[in-house]
Amino acid sequence: MHVKDKLAQNEAAGRTGISFEFFPPKTAQGVQNLYDRMDRMHALGPSFIDITWGAGGRLSDLTCEMVNVAQSVYGLETCMHLTCTDMPTEKVDSALQAAYKAGCTNILALRGDPPREKETWEATEGGFRYAKHLVKYIRDKYGNHFDIGVGGYPEGADDNSDVDLLIDHLKEKVDAGASFVITQMFYDTDNFIEWVKKCRAKGVNVPIIPGIMPIQTYAAFIRRANWTKSRIPPEWLEILEPVKNDDAAVKDIGKGLVADMCRRLIASGINHLHFYTMNLAQAVQLVLDELNLMPSEETPIQRPLPWRPSLGLNRRAEDVRPIFWRNRNSSYIARTQTWDEFPNGRWTDSRSPAFGELDSYGIGLKGTNEQNIKLWGEPKSIRDLAHIFVRYLEGKLERLPWSDTQLSSEANVIKDKLIELNNRGLLTINSQPAVNGAKSSHPVYGWGPKNGFVYQKAYLELLVPPYLLDELISRIEKNGDLTYHAVSKTGELRTNTQDSPNALTWGIFAGREVVQPTIVETISFLAWKDEAYRLGEDWAKCHEATSPSRKLIQGVVDEWYLVNIVNNDFHNTFSLFELFDGLDLKDLDTEVSADSTGSTQPSVKEAAPEVAVKN
């Protein structure tokens, strides 16, 4: 959606909108950490984000990649910066085409800063001299596909202190096709309000969005203000100077000063705030909290679907996904971007790339070996493995190999049951409770249009040792409400389904067909199987080849079955857990030694049914 339309929606609803700016980090790990932060900050409810281009476009490839990831994987409406600096027309064309393919429909067109090796800005041969020329070029070439924003300078630009002349230039940019303005950071509220009045008087009638720079530390606050030549009100300095060496105090006082500035802006008629995050979250959150703009249980962000929709060019209409990738959204997006068909969960036949080499999708285990060993330790027994899963369920671990994010609040109603199962050595990797007609506005279960009702079936996915599988399947098949899939690493499949998609969630809304966004089906489960076992193998390979931990985890991967169970009676959550009453693992505390085979199966004698299953 265009930024101008987002702004109009917020204005019509009488709410203050927010947006965030990020910049491309210098390292690969920094990029991954920023993706995680962008994902978390999505929950703060930004109308859009923007990603900077960088002086001279040196990080242009990374900017294009980040725009694609933000749009496609995280479902964040993204505005891509594009500058004239060191950008001949062919590079501009390439950047615009990358944005187009990513589904990005918003561009912030800027002249840009001079490259570091040059003192003054110079037009690139075959490029554009001013932002107004870039705006006109984009508008002429792409029509109304892109909403085009431009920069505004309430206190003058680096190489031009004539504010009135810059307003004339701003009017030229708007006349060339710009439809919104984002300003340079500032702290002088009175000056900004007067500047907006001057802009309006000269015919700049598009939305003007103030750029807000939260205060992180005193040194950074002064440095950035000096760099942008932003006037700091004397009373701010009087308050901050005595505590300048106390970062916590600076941040606490700073949030109040910036929040007061924002309140005055809102009172003057501004209804959107654009935060320069500097790729940090805390200072922004403090200001939003001070302004009561943080989403709350009383005013949750309405989810259009149970999972976060992609805004990729060819994915915007996607409304069905297999549940298996629920906790690995980026993996799902990466793997399905070239699949033969989606949505609707039907991936045609074995010619589909779904059955191809996993390496090409980049979906392996997150983190380095050292990071993962630090996170999960060095388990030597099934009890140790179970303890890792329990710590995750208790919120003491941020992720598991099969879950990129922490446990959702939806699982709270079944968390005790999940902990009990894992304490017994049955390792759960995905689940959801039953929901019977919750309002679509419910803060935990709700999704879709207002005044609707949502439903879901209880679901459980876990790893089960082979010596318990027959008994578990026998119990499942005695209950006509339950369907299941059980698959080994080698692909041995057992199921009582009819090989058709089984809706796990659905919504009933006025004037619409039943929406069924999450499913279970055989063919996509088999594709997920490959990934699930690969993640287990990646975990094992974090450890030395001869280590007990390597042999233990690899033994589970090689021998245990991946099982999913659906209770098709959506009134009932807990019968899934009753299946496991008396179904206990052997030798939970037996440690794998360095010279053992690593097998997690008991001996033939130990595996006798009367021992393995307590009735």
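Each chain has its residues counted from 1, following the order in which its sequence is written. Per-residue local features are limited, in this predicted model, to residues with pLDDT of at least 70; the limit for side-chain atom pairs, both in listing and counting, is 80 or more; totals at the level of whole chains, interfaces and linings are taken over all residues. Hydrogens and water are ignored here; the side-chain numbers use all heavy atoms of the structure.

1. Regarding the overall build of the chain
1) Next: For the chain, the count of helices and strands is 20 helices and 18 strands.
2) Next: Type-normalised accessible area, obtained with a 1.4 Å probe on protein chains alone, sets the label of each residue: buried when under 20%, exposed when over 50%, and partly exposed for intermediate values. Burial analysis of the chain (615 residues in total) assigns 54% to the buried set.
3) Next: Residue pairs in contact within the chain that sit at least 24 positions apart in sequence constitute 74% of those at least 6 positions apart.
4) Next: Exposure was quantified through the Shrake-Rupley algorithm and a 1.4 Å probe, taking into account, for residues, occlusion by the shown protein chains and nothing else. If you sum the accessible surface of the chain, you get close to 27,000 Å²; carbon and sulfur atoms cover 48% of it. Working definition: helices are DSSP H or I runs of at least four residues, strands are E runs of at least two. Numbering for both runs from the N terminus. Whether two residues are in contact is decided by their heavy atoms: any pair within 4.5 Å suffices.

2. Focus on the pattern of salt bridges
A pair can form between side chains of opposite charge whenever their charged atoms are brought close.
1) Next: We count a salt bridge whenever a side-chain nitrogen from Lys or Arg sits within 4 Å of a carboxyl oxygen from Asp or Glu. Counted under the stated rule, the structure contains 33 salt bridges.
2) Next: Residues Asp188 and Arg231 are paired through a salt bridge, measuring 2.9 Å at the closest nitrogen-oxygen approach. Taken as a pair, Asp188 in the loop between β6 (180–185) and α7 (189–201) and Arg231 in the loop between α8 (218–228) and α9 (234–240) lie far apart in primary sequence, 43 residues in all.
3) Next: Glu410 serves as the salt-bridge partner of Arg326, at 2.3 Å between the closest nitrogen and oxygen. Here Arg326, found in the loop between β9 (321–322) and α12 (329–336), pairs with Glu410, found in the loop between α14 (382–393) and α15 (415–423); they are 84 residues apart in sequence, far enough to count as distant.
4) Next: For Arg326, a relative accessible area of 30% puts it in the partly exposed group.

3. As for the packing of aromatic side chains
1) Next: Under the pairing criterion, centres of Phe, Tyr and Trp rings, with the six-membered ring standing for Trp, must be within 6.5 Å; the plane angle then separates stacked pairs below 30 degrees from edge-to-face pairs above 60, leaving the rest tilted. Applying the stated rule across the entire model yields 22 aromatic pairs.
2) Next: Measuring from centroid to centroid gives 6.0 Å for Phe192 and Trp195, while their planes differ by 35°, and the two rings are tilted. Separated by 3 residues within a single helix, Phe192 and Trp195 lie in helix α7, roughly one turn from each other. Residue Phe192 shares its accessibility class with Trp195, and that shared class is buried.
3) Next: An aromatic cluster is built from Phe324, Trp325, Tyr332, Phe525 and Trp528, whose rings are joined through pairwise contacts.

4. A short note on the side chain of Asp147
1) Next: On the secondary structure map, Asp147 appears in strand β5 (residues 147–152).
2) Next: Residues contacting Asp147, with those up to four places away along its chain left out, are His2, Val3, Lys4, Thr105, Asn106, Ile107, Ser179 and Phe180.

5. Quick word on the sheet that holds strand β18 (residues 561–567)
1) Next: Taken in spatial order, the 5 strands line up as β10-β13-β18-β14-β15 in an open sheet, and their pairing is antiparallel. A single partner strand is all that each edge strand has here, and the edge strands are β10 (427–432) and β15 (493–495). Sheet twist, expressed as the average angle between the axes of neighbouring strands with direction ignored, equals 10°.
2) Next: Where strand β14 (residues 482–487) and β15 come together, 3 bridges link them in antiparallel fashion. Opposite His485, over in β15, you have Thr495 as the bridge partner. Strand pairing requires that DSSP identify at least two bridges connecting the strands. As a rule, the C-alpha atoms of each element are fitted with a line to give its axis, helices using only the stretch in contact, and angles between N-to-C directions run from 0 to 180 degrees.

6. Comments concerning the nonpolar core
1) Next: Of all hydrophobic cores here, the largest spans 165 residues; its most connected members are Phe20, Met38, Met80, Leu82, Tyr187 and Phe580.
2) Next: Among residues more than four places away in sequence, those in contact with Phe20 are Met41, Leu44, Pro46, Phe48, Ile49, Asp50, His274, Phe275, Thr277, Val284 and Leu288. By nonpolar core we mean a set of buried residues, namely Ala, Val, Leu, Ile, Met, Phe, Trp, Tyr and Cys, connected to one another through side-chain atoms within 4.5 Å.

7. Focus on the pairing of β5
1) Next: For β5, the tally of buried residues reaches 6 of 6 residues, placing the bulk of the element in the interior.
2) Next: Alignment of strand β4 (residues 106–110) against β5, held across 4 bridges, turns out to be parallel. Across the sheet, residue Ala109 finds its bridge partner in β5, namely Val150.
3) Next: Two strands pair when backbone bridges link them, and β5 and β6 are joined in this way by 4 bridges, in the parallel orientation. Residue pairing across strands places Val150 opposite Val181, the latter belonging to β6.
4) Next: Running through helix α6 (residues 163–175), the crossover from β5 to the neighbouring parallel element β6 is right-handed. Clockwise travel from the first strand over the helix to the second, with the strands pointing away from the viewer, marks a crossover as right-handed.

8. A closer look at unusual backbone geometry
Excluding glycine, residues mostly have negative phi values, and the peptide bonds linking residues are mostly trans.
1) Next: At Asn279, a residue that is not glycine, the phi angle is positive and equals roughly 65°.
2) Next: Position of Asn279 relative to the elements: it lies in the loop between β8 (272–276) and α11 (282–290).
3) Next: Classification of Asn279 as buried rests on a relative accessible area of 10%.
4) Next: In this structure, Asp587 takes a positive phi of about 55° despite not being glycine.

9. Some remarks on the confidence of the model for the chain
1) Next: Note: pLDDT gives the predictor's confidence per residue, expressed from 0 to 100. Residues of the chain with pLDDT of at least 70 account for 88%, and the chain-wide mean is 88.
2) Next: Here residues 343–356 is modelled with pLDDT under 50, and outside its nearest four sequence neighbours on either side it reaches 39 contacts, counting other chains as well.

10. Focus: the sheet that holds strand β17 (residues 515–520)
1) Next: Pairing within the open sheet is mixed, and its 5 strands lie in the order β9-β17-β16-β12-β11. Each end of this open sheet is capped by a strand with a single partner; those strands are β9 and β11 (435–439).
2) Next: With 4 bridges connecting them, strand β12 (residues 453–456) and strand β16 (residues 502–508) associate as antiparallel partners. What sits directly across from Phe453, in β16, is Ile508.

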